[in-house]
Amino acid sequence: MDEESAYFEEALRSMEKLYGQDVPMSLATADGDKPNVRVIDVYFHDGAFYATSHLGSNKMKEIAKNPFVALNHQLFVARGRAECVGHPTAPGNAPLRAELMEAFSKFYSRHVNEDDPGTCYLKIEPDWALVFDGGFKYIADFTERRASRQPFLADIIV
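So, here is what we can say about the structure in this document. (Residues numbered from 1 in each chain as written. Predicted model: local features only at pLDDT ≥ 70, side-chain atom pairs only at ≥ 80, totals over all residues. Heavy atoms only, no water.)

**What about unusual backbone geometry?**
Item 1. One non-glycine residue, Asp-46, lies in positive phi territory at about 50°.
Item 2. Locating Asp-46 in the fold gives a position in the loop between β2 (34-45) and β3 (48-54).
Item 3. Looking at Asp-46, the relative accessible area reads 63%, which means it is exposed.
Item 4. The phi dihedral of Arg-145 falls on the positive side, at around 55°, and the residue is not glycine.
Item 5. Structurally, the position occupied by Arg-145 is in the loop between β7 (136-141) and β8 (146-151). (Helix = DSSP H or I, 4+ residues; strand = E, 2+ residues; numbered from the N terminus. Buried < 20%, exposed > 50% of the residue type's maximum accessible area, 1.4 Å probe, protein only.)

As structure tokens, this is what we get:
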């Protein structure tokens, strides 16, 4: 494995560690030429971010027209393609449903209405990400599965 492939694998492991649980992130979409941003709860698993949503929400309407989105959490930034992967009880969604019910256990039973046919899961597959972890900054290209890595000291006071 070459260095850039190894760095990509390190970046993925960092993302699993940092975002492999319920994390609120800003999601940017576009409505024509107007950008929109809102905070959603996401969970990173198997190289993609997942969230619960509703087909009637503005974000899902915007994603249906333009699937290119961005995510942000503190210094982390990712760009990628979003898609609706169906209702929680849709055929084939049982493993994902179990995973998301556990990841989002703090709110799932109170805020995800599986009796509503408009309830859906949102999947965001990054094609690029800027990841900070362990004293390093990774610039990850998901299409090529390669990344660069450089030392980084986060000295921003929050």
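**Notes on the pairing of β8**
Item 1. Of the pairings in the sheet, the one linking β7 to β8 comprises 6 bridges and is antiparallel in character. Residue pairing across strands places Phe-136 opposite Pro-151, the latter belonging to β8.
Item 2. Counting the residues that bridge the hairpin from β7 to β8 gives 4 residues, and of these Arg-145 lies at a positive phi of roughly 55°. (Pairing = 2+ DSSP bridges.)

**Digging into the packing of aromatic side chains**
Item 1. Summed over the entire model, instances satisfying the criterion amount to 8 aromatic pairs.
Item 2. Relative to Phe-142, the ring of Phe-8 lies with its centre 5.1 Å away and its plane at 80°, an arrangement referred to as edge-to-face. Highlighted residues: Phe-8 in helix α1 (residues 3-19) and Phe-142 in the loop between β7 and β8, separated in sequence by 134 residues.
Item 3. Note on Phe-8: relative accessible area 0%, which makes it buried.
Item 4. Residue classification places Phe-142 among the buried positions, given a relative accessible area of 12%.
Item 5. Look at Tyr-19 and Phe-49: their rings are 6.3 Å apart centre to centre, the planes differ by 55°, and that puts the pair in the tilted class. With Tyr-19 in helix α1 and Phe-49 in strand β3, this pair connects stretches of sequence that are 30 residues apart. Assigned by exposure class, Tyr-19 and Phe-49 land together as buried.
Item 6. Connected via pairs of aromatic rings, a cluster forms that spans Tyr-19, Phe-44, Phe-49 and Phe-76. (Phe/Tyr/Trp six-rings, centres within 6.5 Å; stacked < 30°, edge-to-face > 60°.)

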